[in-house]
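Examination of the molecular architecture
Now for the letters of each chain:
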Amino acid sequence: MPIYFYPEKRIFKLDTADSSYIFKIFQENYLVHLYYGKKIPDTNLTKFHDRCVNASFSARNANWGEAGPSVDVMPMEYATNGCGDMRITGLQVRNADGNASTDIRYISHNIYSGKPKLPGLPALYANTDDECTTLEIKAFDKVTGLEATLFYTVFEKYSAMTRSVAVKNTSKKAMEVEKIMSFTLDLPTCDYDLYTLWGRHNYERTTEIRRLAHGIQGVTSRRGSSSHNQNPFMALLREGASEDYGDAYGFNLVYSSNHRCEIEVDFNGSSRVIMGIDDSDFGWHLTPGETFYSPEAVLVYSSEGLGGMSRTFHKLYNTNLVRGEWKNKKRPLLINNWEGTHMNFDDDKLLDIAKWAADIGIEMLVMDDGWFGKRNDDKCALGDWIVNEEKLKGGLGHLIERVKALGLKFGIWYEPEMISPDSDLYRAHPDWCIHVPGRETSLGRTQYVIDMTREDVRDYLFNIMCDVLGNNDIDYIKWDFNRNISEAGSALLPPERQKEFFHRFILGTYDLMDRIVKRFPHLLFENCSGGGGRYDPGMMYYSPQIWCSDNTDSIGRLDIQFGSSLCYPASVQGAHVSASRRTNYNTKKDVAMWGSFGYELDPAKISEEDKAVIRTQIAGYHKYYDLIHNGDLYRLIPTWADPYKAAWQFVSEDKTQAMVTVVRKHHVRDDSLFVRLKGLDPDTYYRCEENDEVYSGALLMYAGMNLTFAINRGDGQSLALHFEAIE
Ligand code: DGJ
């Protein structure tokens, strides 16, 4: 077992292949954190909680006297509010007396193989019980009767663990959970660079790097989704660490709604990391006997820098997060009509696209927004999930039959969580939209959000979706979500539970998604939120693919794909070739191949010459599918390191195959282009498919390749090289 308890020292040690995580039960049963970092064999860390000689002004446990320690400076294992720890904390529960002082102390623990489920929430899972080990710590607030369970599951092989917290009200009076973070982590120093992913629609998950500084820093979302703007991810790179070497810590929240990911550097120079549901518009009315579960967070440590951390996330998510029939099955190469036609299509137009696609070897047609109700523009009909037979003459079944006769699969678009004011559904059920009494409801893309907290609404959506999905031969669903939530309130929740709205909303969405994936396990599910507005591990639990961004311009995409790669695997990343401006079809393909590949264009506008180029790309898609979906990613020239060029590489697990892609984003005169490959076997010889030369892994990694003249001059040119080990 990778989790040990040393009873004499009262120390817990959680080991993985590359890391150790250590904490202890201290005096008065406080849980005190000791160490998280590169694996160490011993536990002689008893002095590690002594963080300063005398913390003036800090309050102390009365039993410890003036010279004793203080919870204000000690590294706490799960920090709580209002009892002396003045830093950002993890747990704040207002008790029946009206105060929010919260203080939990260790009571007992349990260590076992496998991983428990989190009721109603997405979470990492164990394929077999011996894959991971769980530690449950029970802690108790004897004044209020609040019982907390701290969950730790260790994925030994991946140097990763998950953490979450559940609180139970064992008293006879209701309490208000005001803040519950999925974990807190105290690191002894602040010599780190913080990596976060900021963005906006069309520019999601762009890497931002800053030095930790005194005070609070981090990212949050209060938009009712994990958001385009600030992804629930943070990484810390210890001073001196880089893409390839040194201590890297990654933190990612398995949650798709409001989040808070913060780090506070205190007066002592130590750093506290917290991650969980954003508490500024959250609360939970915890009735006697009731338990509340936080979402879980994933913690990864790597001694191989940012790159090692990313590869760990990728493997972990491919193995223990993504689920279902399509987890390992080869995904069909698709064409989506959105960028080609928008809502201006009918069955003939779709069939023309399908014929063109079938001719060049594309495997699936996806019919995007505009097939239902009176939806001819984006101002109406969301909620009226009934086929528009004026557009699809003869019905959906007839269209699908003809598409399938061409040998293609068929996919469909939905936006279940929305309702248009101009829709039959809204006219019949105005109270089904999210609103607060007496206040105007704001519009976003001329639509309201439907109240997913309501069971009757979810039942309606499930049934109406089943009518289409169950009665037609559909292989794929694209689930969209195109606005943020405002005037957050539900007609059915009592006043004391309105603050639960955002969390209940996402639980409702998860519930509907769960019902759909269980009822239609064969469906390939691609999540979307105006591109990548809900590109998070919560969504990855339901959908093995997520549309990465509405930005399909190859150059713009580079920042997004490099940023996403910090923790999200290529297999999840929906990436399409479109007719968008700037680059040629070769570069479009090279960039889109970093993901779940597809096309998004109007064939009527594609020249015969470009069609011939596209035809050749499809062979490449099949040939390198496995390498990209299951291989190890190495960032050779990340976008944040060079404004002019970018390069990345996939290496197969057995190191016999590799693919290097280089893009000259902006051509600068006199700029040379060297790449040093990574992750190869130095003693193996590799043949380069493009020039038929043979090189040792050592040469490719240590001397590298000079590609200055191999890649065309000019903005947006690219080159992909493929290497195969020779006997
Ligand atoms: C936003 C998505 O990102 C697009 O791909 C497309 O599906 C539109 N919505 C349709 O309204």
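Cut-offs and rules
- Residues numbered from 1 in each chain as written.
- Predicted model: local features only at pLDDT ≥ 70, side-chain atom pairs only at ≥ 80, totals over all residues.
- Heavy atoms only, no water.
- Helix = DSSP H or I, 4+ residues; strand = E, 2+ residues; numbered from the N terminus.
- Rg over C-alpha atoms; globule rule 2.2 N^0.38 Å.
- Contact = heavy atoms within 4.5 Å.
- Areas by Shrake-Rupley, 256 points an atom, 1.4 Å probe, with all protein chains shown as cover.
- Lys, Arg positive; Asp, Glu negative; His and termini not counted.
- Charge placed at Lys NZ, Arg CZ, Asp CG, Glu CD.
- Pairing = 2+ DSSP bridges.
- Axes fitted to C-alpha atoms, helices over the stretch in contact; angles between N-to-C directions.
- Domains from an automatic or database assignment.
- Buried area = accessible area lost by both parts, 1.4 Å probe.
- Salt bridge = Lys/Arg side-chain N within 4 Å of Asp/Glu carboxyl O.
- Polar contact = N/O pair within 3.5 Å; in protein donor to acceptor, adjacent residues only side chain to side chain.
- Buried < 20%, exposed > 50% of the residue type's maximum accessible area, 1.4 Å probe, protein only.
- Near = heavy atom within 4 Å.
- Nonpolar A, V, L, I, M, F, W, Y, C, P; charged D, E, K, R; others polar.
- Disulfide = S-S within 2.5 Å.

Here we take up the overall build of the protein. Of regular secondary structure, the protein possesses 12 helices and 38 strands. The C-alpha atoms of the protein give 27 Å as radius of gyration, which agrees with the globular expectation for 727 residues (27 Å, within 12%). With respect to the three principal axes, the spread of C-alpha positions in the protein is 85 × 70 × 45 Å. When contacts within the protein are restricted to residue pairs at least 6 apart in sequence, long-range pairs at least 24 apart make up 67% of them. Accessible area for the protein stands at about 26,500 Å²; split by element, carbon and sulfur atoms hold 48% of it. The distance from the centre of the 81 positive side-chain charges to the centre of the 101 negative ones in the protein is 2 Å.

A few words on the sheet that holds strand S1 (residues 3-6). In a beta sheet, neighbouring strands pair by backbone hydrogen bonds and run either parallel or antiparallel. With respect to topology, 4 strands assemble into an open sheet ordered S1-S2-S3-S4, the strand pairing being antiparallel. Strands with a single pairing partner mark the edges of an open sheet, and in this sheet they are S1 and strand S4 (31-38). Taking the axes of each pair of neighbouring strands and ignoring which way they run, one obtains an average angle of 15 degrees across the sheet. Alignment of S1 against strand S2 (residues 11-15), held across 4 bridges, turns out to be antiparallel. When the sheet's bridge partners are listed, Phe 5 is paired in S2 with Phe 12.

Its domain assignment divides the protein into domain 1 (3-320), domain 2 (334-631) and domain 3 (635-726). Spacing between the C-alpha centres of domain 1 and domain 3 amounts to 39 Å. Each partner contributes residues to the interface: domain 1 has 9 residues there, and domain 3 has 5 residues. Both faces combined, the contact of domain 1 with domain 3 buries some 550 Å², and carbon together with sulfur accounts for 48% of it. Considering only the surface of domain 1 that becomes buried against domain 3, Thr 207, Glu 243 and Asp 244 emerge as the three largest contributors, covering 57% of it. Along the contact surface separating domain 1 from domain 3 lie 2 salt bridges. One salt bridge in this structure joins Lys 678 and Asp 244, with 3.1 Å as the shortest N-O distance. At the surface where domain 1 touches domain 3, the tally comes to 4 residue pairs in polar contact (both at pLDDT 80 or more). Of the residues forming the side of domain 1 that touches domain 3, the biggest block, 4 residues, is contributed by helix H1 (residues 305-320).

Turning our eyes to something else, we now look at unusual backbone geometry. The phi angle at Glu 28 is positive, at roughly 60 degrees, despite the residue not being glycine. By secondary structure assignment, the location of Glu 28 is in the loop between strand S3 (19-25) and S4. Residue classification places Glu 28 among the partly exposed positions, given a relative accessible area of 34%. Unusually for a residue other than glycine, Thr 446 sits at a positive phi of about 55 degrees. By relative accessible area, Thr 446 is classed as partly exposed at 29%.

All right, on to the pattern of salt bridges then. Scanning the model with the defined rule gives 55 salt bridges in all. As a salt-bridge pair, Arg 615 and Asp 359 come within 3.2 Å of each other at their nearest N and O atoms. Of this pair, Arg 615 sits in helix H11 (residues 608-630) while Asp 359 sits in helix H3 (residues 347-360), placing them 256 residues apart in sequence. Looking at Asp 359, the relative accessible area reads 41%, which means it is partly exposed. Ionic pairing is found between Lys 605 and Asp 602, a salt bridge with its closest N-O pair at 3.8 Å. Residues joined by salt bridges that share partners form a network here, namely Asp 85, Arg 87, Asp 186, Asp 266 and Arg 272.

Looking now at the site of the ligand. Close to the ligand lie 13 residues, the nearest being Asp 368, Asp 369, Lys 478, Asp 480 and Asp 550. Separating an oxygen atom of the ligand from a side-chain N or O atom of Trp 413 is a distance of 3.1 Å. In the complex, 98% of the free accessible area of the ligand, which totals 290 Å², lies under the protein chains. In terms of residue class, the shell around the ligand is made up of 4 nonpolar, 3 polar and 6 charged.

The final tally for this structure, using the stated rule, is 0 disulfides. You can see Cys 261 has no disulfide; the closest cysteine sulfur is in Cys 567, sitting 11 Å from it.

Let's shift gears to the pairing of strand S14 (residues 230-238). Along S14, 7 of the 9 residues are buried, which leaves the element largely enclosed by surrounding structure. Alignment of strand S11 (residues 192-198) against S14, held across 6 bridges, turns out to be antiparallel. Within S14, the residue paired with Tyr 195 across the bridge is Ala 235. As judged from the 5 bridges shared by S14 and strand S15 (residues 248-253), these two strands associate in the antiparallel manner. Along S15, the bridge assignment pairs Ala 235 with Gly 250.

Attention shifts here to the sheet that holds strand S33 (residues 657-664). Here we have 6 strands laid out as an open sheet, ordered S31-S32-S33-S38-S35-S36, and antiparallel in their pairing. Sheet topology places strand S31 (632-637) and strand S36 (694-696) at the edges, where each strand pairs with a single neighbour. Shown here is a sheet whose adjacent strand axes are inclined to one another by a mean of 25 degrees, direction ignored. In this sheet, S36 lies alongside strand S35 (residues 685-688) in antiparallel orientation, the contact comprising 3 bridges. Within the sheet, the bridge partner assigned to Tyr 686 lies in S36 and is Tyr 695. Contacting strand S32 (645-651), S33 and strand S38 (717-725), helix H10 (residues 585-592) crosses the sheet at an angle of about 55 degrees to S38.

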